[in-house]
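Next come the chains, spelled out residue by residue.
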Amino acid sequence: MTTLWQACLASPPYSIYTYEAPADLPKLMEGQRVLVPLGRSVRVAFLIEKTDTTPENIELKSIIWPLEKEPLLNENHFNLYRNIGTRQMQPLGKVLENVVPKRFRSAKVSFKVADRSFPARLKAMDIVRLSVEKRMELVDIYDQGRMNVSLPASIEKEDYVSLTCDPPWPVRPNAARQLQILEYIYENGPREKGFLKNIMGDWTAGVIKKLHSDSLVKVGAAPEEERNPSEKCSVTSAQWDFVPSRQQEKAIEELNSALDTGKSAVKLLHGITGSGKTLVYMTAARKCMEQGRSVILLVPEIALAYGLWNSLCPLFPDTRKYLYHGYQTPVRKEAIFRTLAEDGKPALIVGTRSALFLPVRNPGLIIIDEEHDESYKQEERLPYQAKEVAYVLSRMTDSLLVLGSATPDIKTFYAGSQGAFDVISMGKRVGKSVLPKVKVIDTSSIKDPEKPFAPETEARLKEVVEKGEQAVIMLNRRGFSPLIYCTDCEEPFKCPHCNVSMTYHKARERVICHYCGNAYPFPLPCSTCGGSNLLPLGGGTERLEEQVAKALPPDTRILRMDRDSTRRQEKLDEILKSFAKGNAQVLVGTQMLSKGHNFPGVTLVVVAEGDLGLNLPDYRSAERTFQLLVQVSGRAGRGDKPGEVLIQTRNPDNPIWGAVTSADYKTFFEKEIEKRRRFRYPPFTKLTLIRISHPLGWEGENLCPPFFNIIKDAAKEAGIMAMGPVPAPLSQLKGRKRFNCLLKSDDWMKTRKLYAEIVRRSPDKKQIRITMDLDPVNML
DNA sequence: AGCACGCCGACT
DNA sequence: GTCGGCGTGCTC
């Protein structure tokens with residue numbers, strides 16, 4: 001008997017199509033992966049449900065064969081994916097493409113058949129051509145488990161361009177295009193041919209061919225990820241010898257009783273830096289697994305996942321545990337995904353936001369550590385907010401969601417204070433350590449760019465170094481100098497694709513665009529007037545490192561931690577370990593420093609420019625600055641000795657400093673929430689950023705102003721407050737002109753409808769890109 | 001995504 | 001003349 005199935009393609013065109021399932025097929029189930037014919041190709045699709053309606057005027061095709069016996073996706077996760085699709089107005093297939101590991105979406109499979117009457121290997125098209133009798137035979141073989149799916153080891157496209165040697169490269173010095181490609185790859189790592197063509201122009205193909213024939217580059221499969229250190233844990237002690245403090249005990253009790261109810265709940269764990277949140281998580285995790293349910297523990301970054309993994313492994317010696325993040329090898333991702341899909345035994349999963357999509361059978365506890373962190377929001381491809389996804393999952397699975405932070409998201413804390421969920425406070429540090437003293441230092445009178453520190457700061461730094469203690473200096477700006485100024489034409493040197501000032505990186509003798517990654521060798525002539533008097537202005541971490549070395553005794557050891565010095569994961573570990581061991585007295589770095597790392601020897605934290613980021617055109621700039629400064633302050637005095645924090649600012653009158661110096665979240669919250677209420681910003685409105693862009697120098701540019709008027713009218717009609725469209729703060733990025741339109745609405749559904757309307761009325765669907773960013777984190 | 005078709009330039 | 005590059009369009 002033939003049945004009909006709705007199947008969702010996990011690759012373009014992402015449609016949900018109807019396929020026939022004739023009787024000569026194994027048993028099919030919802031959530032299962034199958035091979036289906038599409039046009040003249042074969043694809044992977046996910047079965048959604050049986051149906052009995054036939055679409056009109058379409059000759060239905062038949063499902064070829066299932067790819068596994070047990071469905072890969074359980075109902076909960078299928079619904080979770082649908083939910084994300086609905087929120088983001090994306091088809092389910094698009095969601096699947098982004099959440100299911102690549103190897104589950106590739107149709108390049110063959111079937112190994114252990115039966116004499118068949119060839120040893122069958123491809124999809126071979127199965128299609130079998131007779132009905134033969135296929136019935138094959139069904140039996142399949143049911144007996146004698147038919148297995150196999151994928152080639154690599155399913156990657158083989159068009160990645162990578163370097164074969166380091167600079168200097170033996171090319172003619174004026175072969176500008178060859179050098180541009182070499183330098184770009186040196187700077188940003190191997191790239192696809194098509195990508196290079198997109199950002200540089202149509203000439204790349206020929207130049208790559210030339211470089212390839214000179215064997216300066218190779219073209220092949222994507223390189224093995226470097227960010228994949230061993231997941232083996234060296235420590236094996238199985239003891240659980242931690243004694244909770246009173247406040248930890250209270251927090252644990254509260255989480256335990258929430259776990260005991262077996263119902264969905266949210267708890268915000270508001271614990272100051274150093275109050276021992278991690279051990280609270282671990283105790284709750286143990287309890288949850290004793291109840292036979294799985295735990296998902298999320299952290300914002302891969303480096304933190306590895307750190308947590310190492311400290312948690314010895315505490316859970318006999319537990320099924322998995323480390324999961326987006327930079328693991330495809331084979332490993334596939335293995336973890338499948339294991340969790342097939343085996344419902346309780347497991348402990350540590351990972352980054354993508355771990356939420358693992359088809360864990362029976363989650364009981366989802367923990368989001370540092371819940372204020374912006375990395376929980378994915379911005380590219382399929383945008384989503386991991387906190388929201390976790391909430392939906394916890395509701396669907398009756399599990400407990402724990403949000404932890406010393407500086408919660410204003411929105412989260414507001415919801416808690418309104419009674420949407422419980423807030424558990426931990427206001428004391430564990431052990432002997434106390435919160436550091438924080439002092440604001442006025443640097444408005446310092447005019448000399450060679451002097452990054454006020455006299456007091458410099459004196460304290462020297463003192464700390466002399467005493468053999470450690471200091472951390474944060475400057476949230478990487479590179480040597482963020483501005484290169486031409487003294488002839490008095491223009492800053494800008495990236496031609498992005499129209500933002502390029503940053504000078506001294507050690508690498510390059511100017512680099514921090515937004516698109518484009519790099520040029522330095523020195524170079526001014527792009528405006530051709531003059532050769534380009535002057536680097538202002539300072540980043542690279543220059544600060546030099547300046548610190550000059551200011552402190554010559555034998556002081558200084559380390560630097562930023563995206564440039566930690567290009568490889570091992571480098572980051574190296575720097576962290578080396579500093580923790582006391583091999584250096586000073587650590588200079590960007591906001592990377594503030595994230596969760598434990599430096600027990602640090603007694604002084606200096607923030608070189610506390611104002612950075614405070615004046616960005618973004619309603620969250622104060623919140624972000626507060627969170628960053630409190631978090632980095634929390635790095636001080638974690639050991640036995642008390643800590644001190646010095647924050648330099650050119651605006652000492654800004655009211656934010658009062659809250660930062662006392663690390664008083666509540667005061668900051670009260671002020672900030674008032675501001676948000678007054679100016680109608682989240683959580684008092686549903687904010688959405690519509691981004692509109694078109695290629696630079698596009699001749700249809702004049703279609704935009706009337707289109708923007710249409711948008712304004714449509715918003716008015718929908719009863720949504722719209723600001724713009726206006727040119728975005730970064731008005732030009734990666735070769736596209738950009739416009740932003742900010743929507744304030746009382747209903748997400750209304751906003752989605754308006755977005756759909758805007759997309760529908762776009763005058764040029766090809767050239768104009770329109771994206772919807774619900775509750776934007778980045779307004780630039 | 002894959003695979004067709006169709007259009008251009010560069011070789012046997 | 002054909003081979004092969006890639007732009008465009010379609011897929012139950």
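Every residue gets a number counted from 1 within its own chain, in the order that chain's sequence is written. Naming scheme: in the order in which they are written, chains are lettered from A and ligands are numbered from 1. Two thresholds apply to this predicted model, a pLDDT of at least 70 for residue-level local features and 80 or more for giving and counting side-chain atom pairs, whereas whole-chain, interface and lining totals are computed over all residues. For side-chain calculations, the full set of non-hydrogen atoms in the structure is used, while hydrogens and water are omitted.

A. Structural context of the protein's contact with DNA strand B. Around DNA strand B, the neighbouring residues are S11, P12, R40, S41 and R43. When atoms of DNA strand B within 4 Å of the protein are split into backbone and base, the sugar-phosphate part holds 40%. Here the surface near DNA strand B is built from residues that sort into one nonpolar, two polar and two charged. Proximity is defined per residue: if any heavy atom of the residue lies within 4 Å of a molecule or strand, that residue is considered near it. Three categories are distinguished: nonpolar for Ala, Val, Leu, Ile, Met, Phe, Trp, Tyr, Cys and Pro, charged for Asp, Glu, Lys and Arg, and polar for the others, with Gly belonging to the last.

B. Summary view of the UniProt feature "binding site: Zn(2+) 1" (unreviewed entry) in chain A. UniProt positions are given in the numbering used here, feature names are shortened, and annotations may be inferred rather than shown by experiment. What UniProt calls "binding site: Zn(2+) 1" (unreviewed entry) maps, in this numbering, to C486, C489, C526 and C529. These annotated residues cover 44 residues of sequence, but their C-alpha atoms sit close together, with the largest distance between any two at 8.6 Å. Strands here are runs of E lasting at least two residues and helices are runs of H or I lasting at least four, both read from the DSSP assignment and numbered beginning at the N terminus. Structurally, C486 can be placed in strand β23 (residues 483-486). A residue is classified by how much of its surface remains accessible, and C486, at 0% relative accessible area, is buried. Not counting residues up to four positions away in its chain, the partners in contact with C486 are E491, C526, C529, N533 and L534. Along the chain, the position of C529 falls in the loop between β26 (519-521) and β27 (534-537). Each residue's exposure class comes from its accessible area (1.4 Å probe, protein chains only) as a fraction of the maximum for that residue type: buried when under 20%, exposed when over 50%, partly exposed otherwise. Looking at C529, the relative accessible area reads 40%, which means it is partly exposed. Between two residues, a contact is recorded if the distance between any of their heavy atoms is within 4.5 Å.

C. Representation of the domain arrangement of chain A within the structure. Residue ranges for the domains trace back to a domain assignment, done automatically or taken from a database. When the domains of chain A are assigned, the result is domain 1 (3-151), domain 2 (159-221), domain 3 (246-426), domain 4 (437-479 + 540-673), domain 5 (480-538) and domain 6 (686-774). On a C-alpha basis, the centroid separation for the pair domain 2 and domain 3 is 42 Å.

D. Helix α21 (residues 748-760), seen in detail. Along its 13 residues, α21 runs 18 Å from first to last C-alpha, staying within 8% of the 18 Å computed at 1.5 Å per residue. Along α21, the positions that sit buried rather than exposed are T751, R752, L754, Y755 and I758. Taken down its axis, α21 places every buried residue within 160 degrees of arc, on the same side. Opposite its buried face, α21 presents the exposed residues K753 and R760, each directed more than 90 degrees away. Identification of polar contacts relies on pairs of N or O atoms within 3.5 Å, with a donor-acceptor requirement for protein atoms, meaning one able to donate a hydrogen and the other able to accept it, and with residues adjacent in sequence counted only if both atoms are side-chain atoms. Near the N-terminus of α21, the side chain that reaches the backbone nitrogen of M749, with its oxygen 2.9 Å away, is that of D747. Between the first and last residue of a helix there are one fewer steps than residues, each counted as 1.5 Å, and that sum is the expected span. Here, the arc refers to the directions that run from the helix axis to the C-beta atoms.

E. Focus on the packing of aromatic side chains. Stacked, edge-to-face and tilted labels apply to pairs of Phe, Tyr and Trp rings (six-membered ring for Trp) whose centres lie within 6.5 Å, assigned for plane angles under 30 degrees, over 60, and everything in between, in that order. Scanning the entire structure with this criterion turns up 16 aromatic pairs. Seen from their ring centres, F413 and Y665 are 4.8 Å apart, and the 70 degrees between their planes marks the pair as edge-to-face. Here F413, found in helix α13 (residues 410-417), pairs with Y665, found in helix α19 (residues 665-679); they are 252 residues apart in sequence, far enough to count as distant. Each of the two residues, F413 as well as Y665, counts as buried. Considering the side-chain rings of F707 and F708, the 6.2 Å spacing of their centres and the 40 degrees angle between planes classify their relative orientation as tilted. Comparing F707 with F708, the two get one shared label, buried. Grouping aromatic residues by their ring pairs yields a cluster made of F413, F626, Y665, F668 and F669. Placement of a charge over a ring requires the Lys NZ or Arg CZ to be within 6 Å of the ring centre, with the centre-to-atom vector within 35 degrees of the ring normal. Lying over the aromatic face of Y142, K69 brings its terminal NZ or CZ to 5.2 Å of the ring centre. Across from the ring centre of F78, 5.6 Å away, lies the NZ or CZ of R82, which sits over that ring.

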